[in-house]
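Structure at a glance
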Amino acid sequence: MIKLNITNEQVKINLNKKENVLFTNNNVGIYLNDNKDSQRQFGSIYATNYRLIYVDNNNQSKSFTINLENISKTEFYTGFLKSSPKVTIYLKNMVNKDNKNDWICSICSFLNPIDSISCNLCGVVKDTNNSNRQNARNKSQFDNSCPKCTFKNHPLMTRCELCETTLKPLQSTTPTITPEFIRVSFRGGGEGQFYSTLKLVLEYKAWSIEDPNDKVLQRDQSAGIGGILASVDTKVQSSQSNIVDAFKDLQTLFLKADEMVKCADQLASRLPKNKEQMTDVEKEAQYFLNSSFNDINLGIAPTATSDEESLAFELKAILHGDSGLLSGNKRNVINLDEVWCAWNRGRGVALLNPKVLIDILPYIERTTNIRSLKLQSGIIVLHNPSHSLEEFNKRLESYIEDCRGGVTTIEIAQKEELPPSLIEDFILCAQAKFASVVKDVSSGGLVRYWKNEFKDFTIENELNDYFVNWKL
Amino acid sequence: MTTIIDFPPFYTQQPNVETLSQQLQLWSQHILKVCKQRRQFQLSMSDDIWTNEKIQRTRVILLSTVICYYLLISTGLATYTDTTKESVWVYWRTLAEWAAVLYDHVDGTAQLNTPLTYYELTEGDYSHLSELNGLPTPILRSAINILVKQNKAVTIKTSNGEGVKFI
């Protein structure tokens, strides 16, 4: 029995994490052993899955709690005439008498019962000093040592004699009353339910049932590499489950959106087509329908068309419009991926397949001066006439002419204002087509381009005939 | 005009097929010329012929492999010395030419119908009279095989090495 100082309102706060109140009754009295406890005659009893809590309604300092694991057995008394029904709760004796009185042999450290004079194992006579020492050890448990300076204070001190730190009230100082049994007298009924609940909880030992989540938490707290790994594991698991949940949500959202669109379509079909025949209510409905379409960004969908010509028109606007990707002097070469992204951004939710874009390219080439070019790496780019392979090759030759010592990729990239990787791709294409430029990798790995002079060199050799008809 | 060996792109494998073809021909001609000048029969992939310190072009391992494989071997002007393919015999004279040189030499030194060892042919006293001096045995053996097919020579197996008799 441990004293508590709580009121009925504070019971909930006092509960542990896993503790649930299973039963309450607010009109009970307490008997300690066979005697009525005069100070605890009007209170509430709470039965949780861990303990019993008695809260006195008049004097909160008289409240106490009993851990269920300390209960050895219970009895039920139905009541007779004026005496109320009672539940008797027998308490386990918390101090193990046997242990206290056993003595340990100083020679072989065998644990002997109190009544043996010599050691049962080795026959050495019981050392009288031994028991003194044990007393001293028991005493030390009640020592009031300071948590800061470790000075051993007198048990009655509340502040440390040396450093004035407030001392922790020791377990032993909280007054525990240990009657053999207590009786709970139910003056307002409800004893049957209380007894059956208590029986059930005691039978299943509810306090000892571990929550599987508890174990995870404990693993989290474990130290070292194992702990870190475990925490990483749990984090990954939780984020994974979050993602899965998110995708599920998204899917349901899509379904809902589909339903909404269908629903809106149905509504629209029900409304009369002719505006003049509409009643005010119907007009309002039509307006609401249109505005909500716009609100959820589906307004673009009806305007987005799918036939080739209008698609090409859209694409032309993106490439050559006022702020088009290839208009002005901004850029002359653009990656097809980028075009596709820009186009789809403009289209909102009515996304296009990349294949559609590729299919439309011939039409664009017929109607504008934009041309597409598939580079050696497989990348397709769109370019203005100034950046056709012929024009590029001419410029490349002139750069080399100016340099007289081989020109690097970076230099060309700077002059062309294009990324070096794209330039490399362009040069590869130009080389394959015109063969007027040759590549040179120096020992340091730097790439230079030179004018193709291989044709101009000859080596006099009598075996040259062997190579005359040689081709790769 | 500078020579091809001072033209830096000469040391990089060209991406254009046509240019590459020209480049490989130039390389092959260059190699044969240099080997003949040096009387060098064996050419490894790390030979100094592949590099030009003057213009700092030294990383041509890939190119040298390509040249040896595609050009010299496909035109019969080189064969691999072993299965590791790390060096080749360069035939700056073709095997047929070597066979002719061999026969002329033996005939010229009045050694027809005389059993001769391979050592005598390439390192013997008379070898200095012809280009045969220092000729590696595998090339010599191939040349003799040509003569054997033409019924101009007979190989002789002895306990202490190989021999040949020219007819």
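An account of the accompanying structure is given in this report. (Residues numbered from 1 in each chain as written. Chains lettered and ligands numbered in written order. Predicted model: local features only at pLDDT ≥ 70, side-chain atom pairs only at ≥ 80, totals over all residues. Heavy atoms only, no water.)

**Considerations on the state of the cysteines**
Working definition of a disulfide: a covalent bond connecting the sulfur atoms of two cysteines. All names here are of chain A. Where we set the bar: Only a pair of cysteine sulfur atoms within 2.5 Å qualifies as a disulfide here. Each residue is assigned to one of three classes by its accessible area relative to the maximum for its type, calculated with a 1.4 Å probe on protein chains only: buried under 20%, partly exposed between the two thresholds, exposed over 50%.
Under the criterion given, the structure shown has 0 disulfides over all chains. The structure places no disulfide on Cys122, whose sulfur is separated from the nearest cysteine sulfur, that of Cys108, by 3.4 Å. On the basis of relative accessibility, which here comes to 34%, the residue Cys122 falls in the partly exposed class.

**Some remarks on the interface of chain B and chain A**
Keep this limit in mind: We call two residues contacting when some pair of their heavy atoms lies within 4.5 Å. Here the quantity called buried area is the accessible surface, traced with a 1.4 Å probe, that two parts lose on coming together, added over both. A pair is scored as a salt bridge if a Lys or Arg side-chain nitrogen falls within 4 Å of a carboxyl oxygen belonging to Asp or Glu. Polar contact is defined as a pair of N or O atoms within 3.5 Å, subject to the rule that within protein one atom must be able to donate a hydrogen and the other to accept it, and that residues adjacent in sequence are counted only when both atoms are side-chain atoms. The numbering of helices and of strands both runs from the N terminus, where a helix is a DSSP run of H or I of at least 4 residues and a strand a run of E of at least 2. Classification used: nonpolar for Ala, Val, Leu, Ile, Met, Phe, Trp, Tyr, Cys and Pro, charged for Asp, Glu, Lys and Arg, polar for all others including Gly.
Counting from both sides, the interface comprises 40 residues of chain B and, opposite them, 32 residues of chain A. Between chain B and chain A, a total of about 3200 Å² is buried, with carbon and sulfur atoms accounting for 66% of that surface. The interface formed by chain B and chain A holds 1 salt bridge in total. With a closest N to O distance of 2.7 Å, B:Arg57 and A:Asp440 form a salt bridge. On the surface where chain B and chain A come into contact, there are 5 residue pairs in polar contact (both at pLDDT 80 or more). Elements with a minimum of two residues in the side of chain B that touches chain A: α1 (17–38) and α2 (61–73) of chain B. With 15 residues, α1(B) is the single largest residue contributor to the side of chain B that touches chain A. In terms of residue class, the side of chain B that touches chain A is made up of 17 nonpolar, 18 polar and 5 charged.

**Quick notes on α1(B)**
Residues and elements named next belong to chain B. To be explicit about the condition: One fewer than the residue count of a helix, multiplied by 1.5 Å, yields its expected span.
Compared with the 32 Å implied by 1.5 Å per residue over 22 residues, the 31 Å span of α1 between its first and last C-alpha is a close match. At the N-terminal boundary of α1, the capping side chain belongs to Asn16, with an oxygen 2.8 Å from the backbone nitrogen of Glu18. After α1 finishes, the residue Arg39 shows a positive phi value of roughly 50°.

**Overview of the environment of A:Arg183**
Residues and elements named next belong to chain A. Among the secondary structure elements, Arg183 is positioned in strand β13 (residues 181–186). Given a relative accessible area of 22%, Arg183 falls into the partly exposed group. Arg183 sits 152 residues away from Tyr31 along the chain, and the two C-alpha atoms are 4.7 Å apart. When sequence neighbours within four positions are dropped, the list of residues in contact with Arg183 reads Gly29, Ile30, Tyr31, Asn33, Asp34, Lys86, Val87 and Thr88.

**What to know about the pairing of β13(A)**
Residue and element names in this part refer to chain A. Threshold: Note: two strands are recorded as paired if DSSP finds a minimum of 2 bridges between them.
By the criterion of burial, β13 is predominantly enclosed, with 5 of the 6 residues buried. Relative to β13, strand β2 (residues 21–32) runs antiparallel, the two being bridged by 5 bridges. Across the sheet, the residue bridging to Val28 is Phe186, located in β13. Sheet topology note: the strand β8 (residues 86–91)/β13 ladder contains 5 bridges and is antiparallel. Paired with Thr88 across the strands is Arg183, a residue of β13.

**Focus: the pattern of salt bridges**
With the rule as written, the count across this model stands at 12 salt bridges over all chains. A salt bridge links A:Lys433 to A:Glu390, with the shortest nitrogen-to-oxygen separation between them at 3.3 Å. Remark: A:Glu390 occurs in helix α12 (residues 389–403) and A:Lys433 occurs in helix α14 (residues 420–434); sequence separation between them is 43 residues. When salt bridges that share partners are traced, they join B:Arg38, B:Asp47 and B:Asp48 into one network.

**Side note on the sheet that holds strand β1 (residues 42–44) of chain B**
Strand pairing within a sheet occurs via backbone hydrogen bonds; the two strands may be parallel or antiparallel. All names here are of chain B. The cut-off we apply is this: Helix axes are fitted only over the stretch in contact, all axes being lines through C-alpha atoms; the angle between N-to-C directions runs from 0 to 180 degrees.
One open sheet accounts for 3 strands, arranged β1-β3-β2; its pairing is antiparallel. Because the sheet does not close on itself, it has two edges, and the strands there are β1 and β2 (78–80). On average, adjacent strands in this sheet sit at an angle of 30° to one another, irrespective of strand direction. The pairing of β1 with strand β3 (residues 87–90) spans 3 bridges and is classified as antiparallel. Bridge pairing links Gln42 to Trp89 in β3.

**A look at the sheet that holds strand β5 (residues 153–158) of chain B**
Residue and element names in this part refer to chain B. The strand order across the open sheet built from 3 strands is β4-β6-β5, with neighbouring strands paired in antiparallel fashion. Both outer strands of the open sheet, β4 (115–117) and β5, are each paired with one neighbouring strand and no more. Looking at each pair of strands side by side, their axes are set apart by 35° on average, direction ignored. Pairing between β4 and strand β6 (residues 161–166): 3 bridges, direction antiparallel. Bridging from a neighbouring strand, Pro115 pairs with Lys165 of β6.

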